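# Residue-level structure breakdown
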Amino acid sequence: MGTIRIQTVCGFGCGSSLFLKMKIEEILKENKLDAEVFCGDVGTCTSTPCDVIFTSEELAGRVQERSKVPVVTIGSFVNKKEVTQKTLEYFESLRK
């Protein structure tokens, strides 16, 4: 398997998705995990190649109905404990 591509998604792809991207990169570094993390917007995210999409509860429904990859829903982008848990759960699911 190659490098995991994680797309963080918000409405326009440059605000909260950038914040979430930086949080996930921090968590990956702390846990010695390797992945490419990049931002996307809700309108085009499902047409951009990636392995998983992380997004807010508000946008998850719109993304899930069109996505061919797993969608991880984050309740609060500023809650590092939640973001850490869901990021590590995703990586654990890859080992199964």
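Please refer to the structure higher up on the page.
Residues numbered from 1 in each chain as written. Predicted model: local features only at pLDDT ≥ 70, side-chain atom pairs only at ≥ 80, totals over all residues. Heavy atoms only, no water.

## Considerations on the overall build of the protein chain
Formally: The numbering of helices and of strands both runs from the N terminus, where a helix is a DSSP run of H or I of at least 4 residues and a strand a run of E of at least 2. The globule rule used here is 2.2 Å times the number of residues to the 0.38 power, and the radius of gyration it is set against is calculated over C-alpha atoms. Burial status follows relative accessibility: with a 1.4 Å probe on protein chains alone, a residue under 20% of its type maximum counts as buried, one over 50% as exposed, and anything between as partly exposed. Here, residues are in contact when the closest pair of their heavy atoms is within 4.5 Å. Here the accessible surface of atoms and residues is derived via Shrake-Rupley with a 1.4 Å probe, and residues count as covered only by protein chains that are part of the display. By the counting rule applied here, Lys and Arg register as positive and Asp and Glu as negative, while His and the ends of each chain are not counted. Every charge is mapped onto a representative atom, which is NZ of Lys, CZ of Arg, CG of Asp or CD of Glu.
Within the protein chain, the regular secondary structure consists of 3 helices and 4 strands. Of the regular secondary structure in the protein chain, the N- to C-terminal order runs β-α-β-β-α-β-α. Taken over C-alpha atoms, the radius of gyration comes to 12 Å for the protein chain, in line with the 12 Å a tight globule of 96 residues would show. Expressed as a percentage of the 96 residues in the protein chain, the buried residues total 42%. Within the protein chain, contacts between residues at least 6 apart in sequence are counted, and of these 57% link residues at least 24 apart. On the protein chain, roughly 5500 Å² of surface is accessible, and the fraction owed to carbon and sulfur atoms is 53%. One finds the centroid of the 13 positive side-chain charges in the protein chain at a distance of 2 Å from the centroid of its 13 negative side-chain charges.

## Things to note about the environment of Gly75
Mapped onto the fold, Gly75 is located in the loop between β4 (71-74) and α3 (80-94). Residue classification places Gly75 among the partly exposed positions, given a relative accessible area of 37%. The sequence separation of Gly75 and Gly2 amounts to 73 residues, and the corresponding C-alpha distance is 29 Å. When residues no more than four places from it in sequence are discounted, the contact partners of Gly75 are Glu57 and Glu82.

## Focus: α3
Residue pairs spaced three or four apart in an α-helix point in one direction, given the helix's 3.6 residues per turn. Definition in use: To estimate the expected span of a helix, count its residues, drop one, and scale the result by 1.5 Å.
For α3, with 15 residues, the first-to-last C-alpha span of 21 Å sits near the 21 Å given by 1.5 Å per residue. Listed as buried for α3 are Glu82, Val83, Thr84, Thr87, Tyr90 and Phe91.

## Description of the environment of Val72
The residue Val72 is located in strand β4 in this model. Separated by 11 residues in sequence, Val72 and Val83 place their C-alpha atoms 9.7 Å apart. The residues touching Val72, leaving out its near neighbours within four places in the chain, are Val52, Ile53, Phe54, Thr55 and Lys86.

## As for the packing of aromatic side chains
Here is the rule: Between the rings of Phe, Tyr and Trp (Trp by its six-membered ring), a pair exists once the centres lie within 6.5 Å; its type follows the angle of the planes, with under 30 degrees stacked, over 60 edge-to-face, and the other angles tilted.
Applying the stated rule across the entire model yields 1 aromatic pair. On the basis of an interplanar angle of 80° and a centroid distance of 5.7 Å, the ring pair of Tyr90 and Phe91 is categorised as edge-to-face. This pair shows no difference in class: Tyr90 is buried, exactly as Phe91 is.

## With respect to the nonpolar core
General note: in soluble globular proteins, nonpolar side chains tend to be found buried as a group. Note the following rule: Here the nonpolar core consists of buried residues drawn from Ala, Val, Leu, Ile, Met, Phe, Trp, Tyr and Cys, with membership extended through side-chain atoms lying within 4.5 Å.
Core analysis: the largest hydrophobic core is formed by 16 residues, its most contacted members being Ile6, Leu20, Ile24, Leu28, Phe54, Ile74 and Phe91. Taken together, the elements giving at least two residues each to this core come down to β1 (4-10), α1 (16-30), β2 (35-41), β3 (52-56), β4 and α3. Examining the composition of this core, we find that 4 residues originate from one element, α1, more than from any other. Setting aside anything within four residues of it in sequence, one finds Ile24 in contact with Ile6, Thr8, Val37, Phe54, Val83 and Thr87. Counting residues in each nonpolar core, the second largest holds 9 residues, with Ile53, Leu59, Val63 and Val71 among its members.

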